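Structural overview for review
Okay, here's what each chain looks like letter by letter:
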Amino acid sequence: MPAKFPLFKLSAIALLVIASSAEAAPLPAYPIWQTAKSASSQTAHGGVGLIQIPTARMGKEGDVWLNYTDNEEYRLWSVSIQLFPWMEATARYTDVRTRLYSNFPGFSGDQTLKDKGLDVKFRLWQESLYFPQLALGFRDFGGTGFFESEYIALSKRLGDFDLSMGMGWGYLGTAGNTTNPFCELRETYCKRPRGFSGRGGKIDYQRFFKGPASLFAGLEYQTPWQPLVFKLEYEGNDYSRDRAGVLPQDSRFNLGAVYHWQNFVFDLNYQRGNTLGFGVHYRFNMHSPPAPKLKPAMFAVPESRAHIPAEIDFNTLTRNLYVNAGYLPRGIHVYKDEFIVHGQQIVYRDDVEATERIGRVIAGQLPQHITAIRLVDYESNMPQVEKVIDVDAFVEATTFSKLQTDIATTYVRQQPDEAALANVQLRQDRGFYTGAETFWVQSFGNPEKFYMYQGGLFLGGGYRFNNQFSINGAAKLTLLENFDSFNFKVDSQDTPLPRVRTYVREYVTRSKFTVDNVYGHWQKEIAPAVFAQAYAGYLETMFGGAGAELLYRPVDSTLAFGVDLNYVRQRSFENDFGFFDYKTLTGHVNVYWQPSFLPDTRLTFNIGQFLAKDKGVNIDFAKRFDSGMIVGAYAAITDVSSEEYGEGSFTKGFYLSIPFELFSLRPSKGRGQLPWIPISRDGGQPLNRPIRLIDITESRSPFVN
Amino acid sequence: MTKWVTFLSLMLVCVLPLTLSVSAKVAVTINQQQYTFNEPPRLTEVLAPVALNQAWYWPASKLFRLETTEPETEREQLLTEIARLAQLADDNLALSLASLAAEIKQWQLAKRIVLPIDYDLARVQAAANPRFEPGAYQLLLTHRVEQVTVFGAINRTLLLAHQGPDSAFSYLSQLNLSKAATSKQLWLIQPNGTVILLDKVKAPLVAPMPGALLFVPFANKWFSNDLNLLNQRVVALAVNRMF
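As a starting point, this report considers the structure included with it. (Residues numbered from 1 in each chain as written. Chains lettered and ligands numbered in written order. Predicted model: local features only at pLDDT ≥ 70, side-chain atom pairs only at ≥ 80, totals over all residues. Heavy atoms only, no water.)

1. Points about the packing of helix α4 (residues 91-106) of chain B against helix α6 (residues 226-238) of chain B
Between two packed helices, the angle of one axis relative to the other and the distance separating the axes together describe the packing. Residues and elements named next belong to chain B. Put simply, α4 and α6 touch, their axes get as near as 12 Å, and they point 20° apart. Accordingly, the angle class assigned to the pair α4 and α6 is roughly parallel. Note on packing geometry: the crossing formed by α4 with α6 is left-handed. Note on element contacts: α6 touches α4 through Leu227, Leu230, Val234 and Leu237, opposite Leu93, Leu97, Leu100 and Ile104. (Axes fitted to C-alpha atoms, helices over the stretch in contact; angles between N-to-C directions. Helix = DSSP H or I, 4+ residues; strand = E, 2+ residues; numbered from the N terminus. Parallel < 35°, antiparallel > 145°, perpendicular 65-115°, else oblique. Left-handed = near helix turned anticlockwise from the far one by under 90°. Contact = heavy atoms within 4.5 Å.)

In structure tokens form, the structure reads like this:
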């Protein structure tokens with residue numbers, strides 16, 4: 001007798017519509033014959049779980065949740081990301097309605113207390129037939145820790161019920177309904193130290209797993225109606241030590257109902273036996289491929305090139321390359337049996353698609369005696385990577401003249417060949433250029449107003465003398481802002497570090513029109529895969545000077561490394577072209593590594609001296625998802641102590657880079673970056689160099705696009 | 001001298017076309033009927049004589065390249081490996097392995113070419129209408145069969161009635177699993193050549209297509225990966241199975 005399974009099934013019509021997977025590729029998406037149980041849902045604090053308690057469940061890799069929950073005394077906005085199948089990270093802003101931001105109306109008006117927090121959860125053991133899933137989590141570990149907790153959770157699915165239980169320390173364990181097992185082992189674990197170390201913003205290891213511990217448990221019930229899920233939990237917090245005050249708790253049981261609708265989740269809950277709460281959550285997945293784009297159909301290639309005339313129509317070819325393949329040719333040359341094109345890809349992000357399009361446009365016009373196409377891709381006026389296409393194999397693959405073909409095997413990517421480059425005499429780029437970019441700067445959690453913003457245009461221009469040398473400039477024009485609400489320009493914290501960045505408010509509010517940078521720039525590939533550049537002038541908003549950089553970056557290599565050295569002086573915030581007295585040497589050894597054991601990630605290490613003359617390393621971790629979105633985090637660990645640094649203890653930040661293509665109907669190569677910098681002070685601050693070699697050599701081993 | 005040159009040229013002219021036409025010939029046996037093409041045909045041309053005669057179940061179509069001994073060699077090596085493992089195994093496992101070996105010996109094998117074979121799709125999509133390379137092929141077309149074949153670490157190979165969209169694991173309840181089997185995983189070989197490893201906890205809701213093969217794998221032993229590798233090899237060989 002076959003096992004019974006869910007009552008909900010797709011209708012027969014839907015079954016007919018689902019195409020069977022007929023591809024030869026391994027592991028295609030499973031044909032969905034039955035509606036799966038509802039996906040996971042978020043806790044009030046963000047992160048997969050029940051209401052107040054977390055579970056061992058994980059979302060799908062690449063899931064991003066945007067959450068807003070209202071729990072009477074607390075309002076919580078959080079973003080939760082499933083970075084890897086075994087790791088979930090959550091960032092959160094809390095509004096404590098019953099407390100003020102500060103006791104000084106002149107500083108923060110009547111704004112209520114805000115706090116930010118970070119959580120992370122690791123899956124330690126995957127659920128199997130007999131064993132539950134096991135996870136270890138840390139809540140609110142970086143920051144002033146309103147909800148700081150550590151926990152271990154177990155989850156097991158039994159039919160329509162998902163059962164969880166665990167033990168929590170800190171906020172989750174305030175009630176102390178059980179003995180702390182670590183207290184049994186060591187006396188120091190029996191009491192939890194108060195206060196935060198350094199100047200906040202540090203991970204307070206010495207508090208982990210100390211103090212009272214509580215057991216918590218709960219269950220999720222998938223009702224027969226697929227979108228509706230009920231939650232019931234028993235929590236380990238008695239709300240006696242909450243930041244909002246002592247909150248009355250009539251019951252340790254909380255119950256909730258969750259409703260899934262497309263990408264939204266709505267939940268309603270009843271907590272502490274006396275409080276109604278609700279939440280709205282939005283989920284999307286960063287692995288989802290971008291929606292289909294409006295783009296021209298790829299050119300059909302003729303199976304036989306015998307009838308193609310020997311005279312190539314270069315005008316038509318150039319136009320087709322631009323219109324159909326998004327390729328801007330700089331020079332086309334036929335040399336013996338090779339067709340050589342130098343140019344730049346300006347439309348298609350995906351290198352495989354871009355190469356196929358170019359190949360198809362060209363192959364259709366190539367007479368039979370030509371056996372290879374050499375495509376030299378330029379970026380920033382330098383040849384970066386060369387693709388040599390075997391024309392006969394390419395034609396065979398694009399006309400499906402064999403039972404099983406693969407276009408990717410018909411060409412190779414390599415370092416541009418010196419001899420081949422010498423065969424093509426190209427005019428150097430020369431002339432004026434202009435450009436404009438929009439910008440939007442935003443800041444959360446300010447004392448004056450929670451959300452402050454500034455938006456406008458960067459107006460750029462310059463003159464290029466040749467492929468190596470140019471003069472560039474950019475001016476910032478502010479069109480929209482509420483930065484005039486600032487109550488103070490410079491904070492009153494007295495730190496021994498030179499104020500290399502903490503005058504930022506002065507710089508951004510001096511005038512609606514400021515000169516951001518004006519500098520001369522020289523660049524060259526001085527040896528195969530070795531790039532060099534030098535620049536001098538006003539390099540960024542706050543500093544001007546001179547510098548140079550070297551980078552070694554082979555084609556398709558997972559490792560690139562280089563060094564940069566700069567001598568800079570602090571620009572004045574009282575005018576556009578003056579300087580203050582502060583000068584420094586700043587430079588780093590830069591290592592860029594894409595480890596094979598962590599696919600689609602890049603680690604960057606910048607080791608050296610920062611602007612405030614502190615020495616250390618900036619570590620950046622970035623992960624790219626299938627949609628093209630990149631999530632990154634960085635931290636600068638230097639020889640500056642947290643007391644010397646000031647509030648926040650050390651420089652750290654997060655960013656999300658989003659390809660514009662996700663929002664448009666047509667393909668595009670542009671990107672926007674959304675940074676989130678909890679606190680930025682003077683330690684661990686690198687110079688914002690106007691051009692970085694790692695960025696202009698991107699096409700050699702693409703990560704960002 | 002000129003006579004020799006003329007004679008040789010004449011010979012070349014006569015011989016070359018022969019060699020050329022032999023190398024370009026494609027012979028496709030569709031079920032029992034053989035069709036020969038002088039120039040390499042596209043899939044639509046191969047299917048044209050038979051495509052609309054009957055209601056073929058296209059997802060279960062199988063294309064094999066003949067004239068290659070690769071599957072036979074693999075079968076020999078696999079049987080040798082099974083014999084080796086059987087010698088080191090306990091009674092239950094040895095019995096199951098022997099049963100599997102007997103099953104594998106009965107298979108008719110040829111080199112499977114996994115690609116979508118669908119007359120309608122081939123007529124609208126160029127990628128689904130590739131050109132055959134010169135050689136000999138076997139194309140098996142069938143109607144929709146309402147059965148699923150289960151083999152592996154079970155007493156004997158079974159033909160079970162297809163249960164519609166029921167999950168692959170729901171077929172297990174009808175089987176007598178050997179003690180050497182694992183019920184936590186199943187290998188599903190869809191009729192179109194797709195191979196999926198199913199995990200009971202992680203992905204329980206995948207349904208076999210009509211005509212699919214379900215392989216019940218052997219449970220892997222601690223400190224040895226031999227049975228895992230054996231499972232993978234059996235599945236890879238089963239894709240090449242004609243009958």
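Next comes the rest of the write-up.
2. Points about the nonpolar core
All names here are of chain B. Core analysis: the largest hydrophobic core is formed by 46 residues, its most contacted members being Ile104, Val216, Phe218, Leu230 and Val234. Mapped onto this core, the elements with two or more residues apiece are α3 (70-88), α4, β6 (147-152), β7 (158-161), β8 (185-189), β9 (195-199), β10 (213-216) and α6. If we ignore the near neighbours within four places in the chain, the residues touching Val216 are Val150, Phe151, Gly152, Ala153, Ile154, Leu172, Leu175, Leu177, Ala181, Thr182 and Leu186. (Core = buried A, V, L, I, M, F, W, Y, C linked by side-chain atoms within 4.5 Å. Buried < 20%, exposed > 50% of the residue type's maximum accessible area, 1.4 Å probe, protein only.)

3. So, the side chain of Asn192 of chain B
All names here are of chain B. If you trace the backbone, Asn192 turns up in the loop between β8 and β9. With relative accessibility at 7%, the residue Asn192 sits in the buried group. Separated by 2.5 Å, the side chains of Asn192 and Thr194 make a polar contact. (Polar contact = N/O pair within 3.5 Å; in protein donor to acceptor, adjacent residues only side chain to side chain.)

4. A look at the state of the cysteines
Residue and element names in this part refer to chain A. One pass over the structure, following the stated rule, counts one disulfide over all chains. A sulfur-sulfur distance of 1.9 Å marks the disulfide that ties Cys183 to Cys190. On the sign convention where negative is left-handed, the bridge of Cys183 and Cys190, at about 90° about the S-S bond, is right-handed. (Disulfide = S-S within 2.5 Å.)

5. Some details on a nonpolar patch on the surface
Residue and element names in this part refer to chain A. On the surface, a cluster of nonpolar side chains totalling about 1200 Å² of accessible area is made up of Trp225, Leu232, Phe253, Leu255, Tyr259, Trp261, Phe266, Leu268, Tyr270, Leu276, Phe278 and Val280. When residues of the nonpolar patch are traced back to their parent elements, those giving at least two are β10 (253-261), β11 (264-271) and β12 (275-285). Counting residues per element, the nonpolar patch draws most heavily on β10, at four residues. Tracing the backbone through its elements, the reader meets Leu276 in strand β12. (Patch = residues over 30% accessible without salt bridge, like charges linked within 9 Å, V, L, I, M, F, W, Y side chains within 5 Å. Areas by Shrake-Rupley, 256 points an atom, 1.4 Å probe, with all protein chains shown as cover. Salt bridge = Lys/Arg side-chain N within 4 Å of Asp/Glu carboxyl O.)

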